[in-house]
Structures are given as C-alpha cells and as structure tokens.
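Spelled out from the first residue to the last, the chains are:
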Amino acid sequence: MSSMSSVAGLSKFITTLPKTKYSILVMLIISILTGIIYFLVDSVNYSFIEEIIYGGLYTLMILGIPSIMSGALNQQVVSIWDGINLKIKHSMFLSALSMTILSLILIVGSVISRIFNIDIFLNSLLFGCVIIYGFNTLVFWATSKIRFTKAVTTALIQPILIISMYILITFLVTDTSFLGPIILQITIKALIAGIIFVLAIYAFITVIASPFKKNLGIGVLDLLSLFIAHMNEGSNSLEGLFENMSEAIDTVVTFVSFKTEKGIKALFISPSVHPGPLGDLGGSNMPTILANKFDYFTMVAHGPSTHDFNPVAVSEIDKIESAVKKGLENVEYSPNASKFIRYNAEKANIGVQFFNKGMVILSTFAPEGSDDIEFGVGLTMMAQSRSRCNVKDSIIVDCHNSFAKESGEVLPGNAEVFHLIEVIDKIDNNQNKSDIKIGCWQTTMDTLNKQEGIGESGLKTMIIEVDNQRTAYILFDSNNMEVGFRQEIMDAVKDLEIDEIEVMTTDTHTVNTLSRGYNPIGISKRPEIIEYVKKSITEALKDLEKVEVGTGTEKIENLNTFGPKNSTELISTISSVVAVSKIIAPVLLITSLIIAFIWIFFGSF
C-alpha cells in the first residue's frame, strides 16, 4: 500500500463524539457500578444490599461528581488559555473516558486486594490518577493549541478533584488523626509519579515533532490541532499553515461548451487540478464550488492530477474559474460531433468522442483498480492525441471509477503509461461528423450522503446524441468507485434508450472525513444509487435539444498548491512519524508507567 493510503487510513480514528448529557450519564452510571463491584469483590463486612448502596454512593462521590465538575472546568480553563477545539461536549467526553480508565484500574485493584488480602485502594487510585493526568496532558497539548505548561496545569484538575474528594470523604467517615501524614504521602507520591509520566509524554512529542519542523517548517501540534478544528467546526485555519509551505505551479484546464440560440446550455470541464486534500480544505470541494460559479449546467470531471496539485486554499479555485471564462471568450462553435467509440490496449480503456475542433478522451483502467493519473502523464496524452488526431484541444478525463486498496497512482515509468500511449495510437480520427443534441439533469441524491460516498453535487448526467447514437456521461461527486460497481451500473441501464455509457467520479475529497479513510461510492446502497442513475438518464433524455459545440484549453498560472516537493514531503513525513511512533510510544510510555507503578506501590520515604 502507498504512503498516501497509509495516511488516508488514519482517518479511521475520526469519529463523532456523544452529546454532553450522554457523557454525564455514563460518568454517573460507571462511577456507581465501580463502587458496587469494588465493594462486592473486596468485601468490607457489609450486607449485600449495604455493599451495593454504600459502594455505589462512595465512588459516585469520589469519581463521578469530581469528573463531571472537571468536564465543566477543563473547558473553561482551556478557553481562558485561548485554546481551541475543546467544547463542553469534548471536555465531558474526555472526563468520562478518563474516569472509565481510572475505574478499570480500581476494579483490577479490588481483585488483587481480594486475592492477596491487602488493601491497595489508595495506591490504585493514585496510579489511576497519574495515568489520566498524563492522558489529559497529552490531549490538551496536542489538540487545543496551548503551551505545554498550560496543558500540564489544566490536566491537574480532574486528578486533584478526585483525590481531594477522597480525602474529604475519608475525613468524614473515619478517624482523622492519620490525615496529616497520609496527605503528605499522597502528595509526594502523586507528584513524582506524575512528573515521570508527563516527562515521557514530552519526550515523545518532541521526537515526533522534530521531522515536521525540520522537513516542512511546521509544528506537528499546530497541524493536528488545526486539523481537529476543521473537523469539529469547519474552520479553514489549516489553510494558512498550508500556504506557508505552498508552491506556485502552472497547469491547464480543458473544457467542452455546448450552446443553443439562448446561450450556453452546458459546460464539461476537466481541470488538471486535484480536488484535495480532504474535508472542505483547499480544493477538496472544487467540483461543486467551480461548477456553482457558472449559471448553467456544469460538470467538473477529474483531470490528470495527483495530490501534488491540491490547491492550498479555497480561494485558489477562482483562478480556475478565470481561466475557463477567459477560454470561453475564444471558443468557436459548430454543430459537428462524432459518435462515441471505445478503444483498449492491455489495461487501458478509453472512450473517444470528437467535438468540432477538439476531442474528449474518457480514460479508465476498469475492471483493474487504479488511482490518479499524474499531470505529466496527462500532458503526454494530450500532446499525443492532438498530434495523432489533428485536433486543437484534447480533453483528458481520468474517470476515476475503479478503486481497490492496493490501487496506485499512474506515474511516469509505470507500465500503465505505455498502455495509455498504445491505446491512443489506435484512435481512428476519420470519424463522420453529424449534428449534436444534448440533454442534462442533476440531483443532489438527498437520501444519500457522505457516509455512502456522495458529495455535495450528487449526480450529474449528460446525454449526447450524434447520428442516432445516444451516449450517457454519468458523473458522481465522489472519490472513486468500488471495483466492479461501474460495470454493474452499465449492465443495469441496458434496457434504457441509450447506446453507450461511461461512469465517472469527480474525486472530491469532501467525503474523505469518515472512519473508512478512503470512501469510494459503491461500498453500500448500490441498488439505490443505480435507481438514481436510471432516473437521471430518463430525465436527461427528456431534455435533448440541438446545440452547437466548441472546445478550449487554457493555462492556469501561479496556482498555489502543495507542490510535488512539499506534497511528497508531507505524506512521507506523516507516514514515517506514524511508523516510528508505533515503536517509540510503547517504549517511552510503558517504561514510565512501570517506574510510576513501582514508585506508588513499593516506594517509601
């Protein structure tokens, strides 16, 4: 699997947190159950009913109530520190998770107490507090964009509240003569163990932050916290970080324009700009944003480009719009077009149709899995097809419709490049030209969403009729398509009034914010998706009318993108840091926990 696949797989850790009231309810329930289990396992000479009542109330007071209080206080303190991301929902969930960890440690401690007939409740409580202290420090520091010293201070709230409540309850129900020495003991043990664990966390973060600072000049915690802000709030602050490492490039956008006497009816665009990186950052929603800049039906297909050509900011899409509108001013129209014809060579399959002085090449490797076609490969395809077929414009479309996890990009030197060159050489450019009709229809596919791999633009369909041949251009606003689903769609529409069909995706990365990492269309709800396709074809056929057609190619200048160097550097750095962390994190954290454990349970002073 490629580095990009590994990085995309990290999004499986992205999830939606529960509402505040559910986190509070969980803390109440788990704290009560912890006490009941502890009292029942490590019998304290009460009756069964008394152990349930007293045990539940005891841990409700020392675990549940302090944890709920810390959930509220943590959010307020982080806000005072000008931190980001920690809403009350997140703070309560963090407290609930921390308390659950502590509860599990106490229950294990009760079992050990029963087996060896020793009382280790206090030591178990201290050890659990040390763990959640380090855990909270890591979360606050890594996600809230606050300094380490502030994270360390904020993380103290929950452990201090729990330990303080334990001392208070103990003061109320037992002899208090021992409290002076035990408070000192608790303080020293907790302080030293906490320092040990937090220093291990600091060392870990320092190690993984170094490659980002050295290779990219950015802070890994800034990257992480701003990414979380985007996921939680839709904030685009991360684009500012990307702009600092951006690289200006020149690329091209190609298009086909169809017009009637009333003006332009439809526009088919293939920009050599990649709709990434993910969510709503940069150019991720480019197919929808760009299409919405035009007052007529517009399909934005996936041109030859990889993550190197991700725009660093949404505003960069304006440059693509300007290039297209500039090109439209110079388009020459005529009613001449050819039929749609398929060619294949080895893995490469293309569908070719001539429009006036240009041509469209719809490229796919289906049924084999494939990913992006690199820009240099696309330029080669354009130059070769223009020369071979004597046309002014060649609109290359990467149909992006056959995804498998092992799929890789089509890069210079790959065998697939030569398959594409070979198949273009097979194109017959002596095609008869006839009048052209087109019909268009679009739907946002309201019953489906990002979970099913459907982006904002849903489905767009254009039927092109030339010399009694009807070809359906089907475009999903999705990031690739499960292997085999393309053929399933093609088989399902054979009884409709069309002769040819090609299914494409825009490669939008707005759907790449879910637990699967990659999220191609066709993983689920295939029958429902096919019904949308059938309806779109039926409706587009009703819209057929005569048009004139023209093509264009325009250069996009100074487009700020990730760039070949920085994109590769970012992906490889993240990938390597993840790999190294799998080794360093367990070594540092487990070692520090062992030391803290020995100090708390066996240390003396």
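Refer to the structure presented above.
Residues numbered from 1 in each chain as written. Predicted model: local features only at pLDDT ≥ 70, side-chain atom pairs only at ≥ 80, totals over all residues. Heavy atoms only, no water.

S.K.: Any details on the sheet that holds strand E4 (residues 341–345)? Residues and values, ideally.
M.R.: Read across the open sheet, the four strands follow the order E4-E5-E6-E7; overall the sheet is mixed. In this open sheet, the two strands that pair with only one neighbour each are E4 and strand E7 (393–398). Across the sheet, the mean angle from the axis of one strand to that of its neighbour is 25 degrees, orientation sign disregarded. Taken together, the six bridges between strand E6 (residues 358–364) and E7 define a ladder with parallel strand orientation. (Pairing = 2+ DSSP bridges. Helix = DSSP H or I, 4+ residues; strand = E, 2+ residues; numbered from the N terminus. Axes fitted to C-alpha atoms, helices over the stretch in contact; angles between N-to-C directions.)

S.K.: Before we move on, can you summarise the packing of aromatic side chains with the specific residues and values?
M.R.: The final tally for this structure, using the stated rule, is 16 aromatic pairs. Ring plane angle 70 degrees and centroid distance 6.3 Å describe the contact between Phe597 and Phe602, whose orientation is recorded as edge-to-face. By relative accessible area, which is 34% here, Phe597 ends up partly exposed. When the ring centre of Phe294 is taken as origin, the NZ or CZ atom of Lys325, which lies over that ring, is 5.5 Å away. (Phe/Tyr/Trp six-rings, centres within 6.5 Å; stacked < 30°, edge-to-face > 60°. Buried < 20%, exposed > 50% of the residue type's maximum accessible area, 1.4 Å probe, protein only. Lys NZ or Arg CZ within 6 Å of the ring centre and 35° of its normal.)

S.K.: Go over helix H5 (residues 121–143) with me, naming the residues and quoting the values.
M.R.: Taking 1.5 Å per residue as the helical rise, H5 with its 23 residues ought to reach 33 Å, and the 32 Å between its terminal C-alpha atoms agrees with that figure. Counting buried positions along H5 yields 20 of 23 residues, so the element is predominantly enclosed. Just past H5, the residue Lys145 takes up positive phi, approximately 60 degrees. (Expected span 1.5 Å × (residues − 1).)

S.K.: Account for the sheet that holds strand E10 (residues 469–476), naming residues and giving values.
M.R.: On the basis of which strands lie adjacent, the open sheet formed by eight strands has the order E3-E2-E1-E12-E8-E9-E10-E11 and mixed pairing. The open sheet has two edge strands, strand E3 (297–300) and strand E11 (500–505), and neither has a second partner. Taken pair by pair, the neighbouring strands of this sheet meet at an average axis angle of 20 degrees, ignoring direction. One ladder, built from six bridges, connects E10 with E11; its direction is parallel. Across the sheet, the residue bridging to Ala472 is Ile501, located in E11.

S.K.: A description of the packing of helix H2 (residues 20–41) against helix H4 (residues 88–116) should follow, citing residues and the corresponding values.
M.R.: The geometry of H2 relative to H4 is characterised by a closest axis approach of 9 Å and an angle of 10 degrees between their N-to-C directions. Taken together, the axis directions place H2 and H4 in an arrangement best described as roughly parallel. Residue composition of the contact of H2 with H4, grouped by class: 15 nonpolar, ten polar and two charged. (Parallel < 35°, antiparallel > 145°, perpendicular 65-115°, else oblique. Nonpolar A, V, L, I, M, F, W, Y, C, P; charged D, E, K, R; others polar.)

S.K.: Would you mind going over the pattern of salt bridges in detail, with residue names and values included?
M.R.: The tally for this structure, following the rule as stated, stands at 20 salt bridges. A salt bridge links Glu465 to Arg470, with the nearest nitrogen and oxygen atoms 2.8 Å apart. Residues Glu488 and Arg526 are paired through a salt bridge, measuring 2.8 Å at the closest nitrogen-oxygen approach. Of this pair, Glu488 sits in helix H15 (residues 485–492) while Arg526 sits in helix H16 (residues 526–542); the two residues are 38 residues apart in sequence, bridging distant segments of the chain. Relative accessible area serves as the criterion here: at 32%, Glu488 is assigned to the partly exposed category. (Salt bridge = Lys/Arg side-chain N within 4 Å of Asp/Glu carboxyl O.)

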